[in-house]
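Observations on chain architecture
Here are the chains, one letter per residue:
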Amino acid sequence: QPTNTPQPTHRPTSTPTLPTPTSTSHVHINIDHIWHEPGGHGDRPPHEHGDRPPEWVATSDFPPLFSHAGMTPGENSAYWKHTGFKGYHGKNCRGQEWYAILHQDFHPNGRRSRFHSFQLWILTTQNRVSYITGWLDFGVGNSESPLLVPNGQKPDVDDGVRPIMQPPTINAPNRFEIWYHNPGVVAWFPDVTQDVNSNYLHTGNEDPNDPSTWLVRGLYNLNRSVSINWYRFRVPPEIPLGTDFYATQWGELVSGPNDPICGTPRTFGNTTFTTLCLRNRIWPEAQSIHPYENGVYTYPGCERSGEFPGAGIVTLPN
């Protein structure tokens, strides 16, 4: 867990009510694809997308879009999925800046999905932008589902199991929701820890596609902590530095956007995904995004945590 885990400070005085959107599927409009100030649009309830992308990200060769090439299926379709896009801006991390967009749908629909997309930008000391994208994996083996262990089953215990999703339960309402993806399986992907005040408790009886069955927790997911640990020494020699290269959403290197594997099906359990071939770039001078030096917490700018703007504006889900 991150060393600067935030405390749940934003607690509403009354139980929030679910929004009543006009539909479960949205015809996209321009604002749907980009960062915006806290608020609602279309059939989306008032929500927030975390930190604004810095100018060096917005003007890079890799625009920060919520309709990016590496999206998981339907990632920005239903109103409760769009609100899950969260941005995180870190500064002064070994002389670098970084920005990440994670699709964090911490609710019953998101907790049934094994894969969740990420985008990571790194501004190097030479003012060049590295970009890494793919899917975070929260499952094992051939399962189509994540490894989900509700917090109430193991209160205040981290037994080191990875990957794992630990949603709060009705008998553990004050616990943060913690997600650890499967670190080390793809060495050059970042290891990501997500620690949030999520919107909904876990009961096991929810209909993931019917928010009226979700048990409201009374929080708005504004207090969050994210640790994105990317290790430069894990980049394999076959990745060409300083130029574009392509990989599947699972981190397998391919020859390019027209590699024979691109567009082919891959099945986990009973779910079949289309293999994506995604553009990445890593500059030679890029340094690790990691807060520790010789086991000592040294670079707080390599993490991002705190209370995000939106109190009094956002509703559920956020």
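Quick look at the structure, then. All values derive from a computational prediction rather than experimental measurement. (Residues numbered from 1 in each chain as written. Predicted model: local features only at pLDDT ≥ 70, side-chain atom pairs only at ≥ 80, totals over all residues. Heavy atoms only, no water.)

1. Overview of the packing of aromatic side chains
- For the structure on display, the rule yields 23 aromatic pairs.
- Counting every residue linked through ring pairs, the aromatic cluster contains Phe115, Trp135, Trp250, Phe268 and Phe273.
- Taking NZ or CZ as reference, arginine 162 lies 3.6 Å from the ring centre of tyrosine 180, over its face.
- Its end group placed over the ring of phenylalanine 308, arginine 224 keeps NZ or CZ at 4.2 Å from the ring centre. (Phe/Tyr/Trp six-rings, centres within 6.5 Å; stacked < 30°, edge-to-face > 60°. Lys NZ or Arg CZ within 6 Å of the ring centre and 35° of its normal.)

2. With respect to the pattern of salt bridges
- Scanning the entire structure with this criterion turns up 16 salt bridges.
- Here glutamate 177 makes a salt bridge to arginine 111, at a shortest N to O gap of 2.8 Å. Highlighted residues: glutamate 177 in strand β8 (residues 177–180) and arginine 111 in the loop between β4 (96–103) and β5 (115–123), separated in sequence by 66 residues. Neither residue differs from the other here; glutamate 177 and arginine 111 are each classed as buried.
- One salt bridge connects glutamate 285 with arginine 128, and the closest N-O pair in it is separated by 2.8 Å. A residue pair is termed long-range when its members are at least 10 positions apart, and glutamate 285 in the loop between β15 (277–281) and β16 (292–293) and arginine 128 in the loop between β5 and β6 (129–137) qualify at 157 residues.
- Classification of arginine 128 by relative accessible area gives partly exposed; the value is 28%.
- Via salt bridges that share partners, Asp61, Asp244, Arg279 and Arg281 belong to a single interconnected network. (Salt bridge = Lys/Arg side-chain N within 4 Å of Asp/Glu carboxyl O. Helix = DSSP H or I, 4+ residues; strand = E, 2+ residues; numbered from the N terminus. Buried < 20%, exposed > 50% of the residue type's maximum accessible area, 1.4 Å probe, protein only.)

3. Some points on the environment of phenylalanine 189
- With respect to the secondary-structure elements, phenylalanine 189 resides in the loop between β8 and β9 (191–196).
- In this structure phenylalanine 189 comes out as buried when scored by relative accessible area, which is 3%.
- Taking the C-alpha atoms as reference points, phenylalanine 189 and isoleucine 132, 57 residues apart in sequence, are found 7.5 Å from one another.
- Sequence-distant contacts of phenylalanine 189, that is, excluding residues within four places in its chain, are made with Phe118, Ile132, Thr133, Gly134, Trp135, Trp230, Thr248, Gln249, Trp250 and Gly251. (Contact = heavy atoms within 4.5 Å.)

4. A short note on the sheet that holds strand β7 (residues 164–166)
- As summarised here, the arrangement of the 5 strands in space is β7-β8-β9-β10-β18, forming an open sheet in which the pairing is antiparallel. With one partner strand each, in any of the chains shown, β7 and β18 (303–307) form the two edges of the open sheet. When the angles between neighbouring strand axes are averaged without regard to direction, this sheet yields 5 degrees. (Pairing = 2+ DSSP bridges. Axes fitted to C-alpha atoms, helices over the stretch in contact; angles between N-to-C directions.)

5. A few points about the state of the cysteines
- On inspection of all chains with the given rule, the structure shows 2 disulfides.
- One disulfide bridge connects cysteine 93 with cysteine 302, the sulfur atoms lying 1.9 Å from each other. What sets the handedness of the cysteine 93 and cysteine 302 disulfide is the S-S torsion sign, and at about 90 degrees it is right-handed. Taken together, the residues span a long stretch of sequence, with cysteine 93 in strand β3 (residues 85–93) and cysteine 302 in the loop between β17 (296–297) and β18 at a distance of 209 residues.
- A relative accessible area of 0% means that cysteine 93 is categorised as buried.
- Across the disulfide from cysteine 262 sits cysteine 277; the S-S distance is 2.0 Å. Looking along the S-S bond of the cysteine 262-cysteine 277 disulfide, the torsion reads about -105 degrees, which is the left-handed sense. Pair noted here: cysteine 262 is in the loop between β12 (253–254) and β13 (265–268) and cysteine 277 is in strand β15, with a separation of 15 residues, a long-range link.
- A residue is classified by how much of its surface remains accessible, and cysteine 277, at 17% relative accessible area, is buried.
- Should the bonded cysteines of the chain be numbered as they appear in the sequence, the pairing reads 1-4, 2-3. (Disulfide = S-S within 2.5 Å.)

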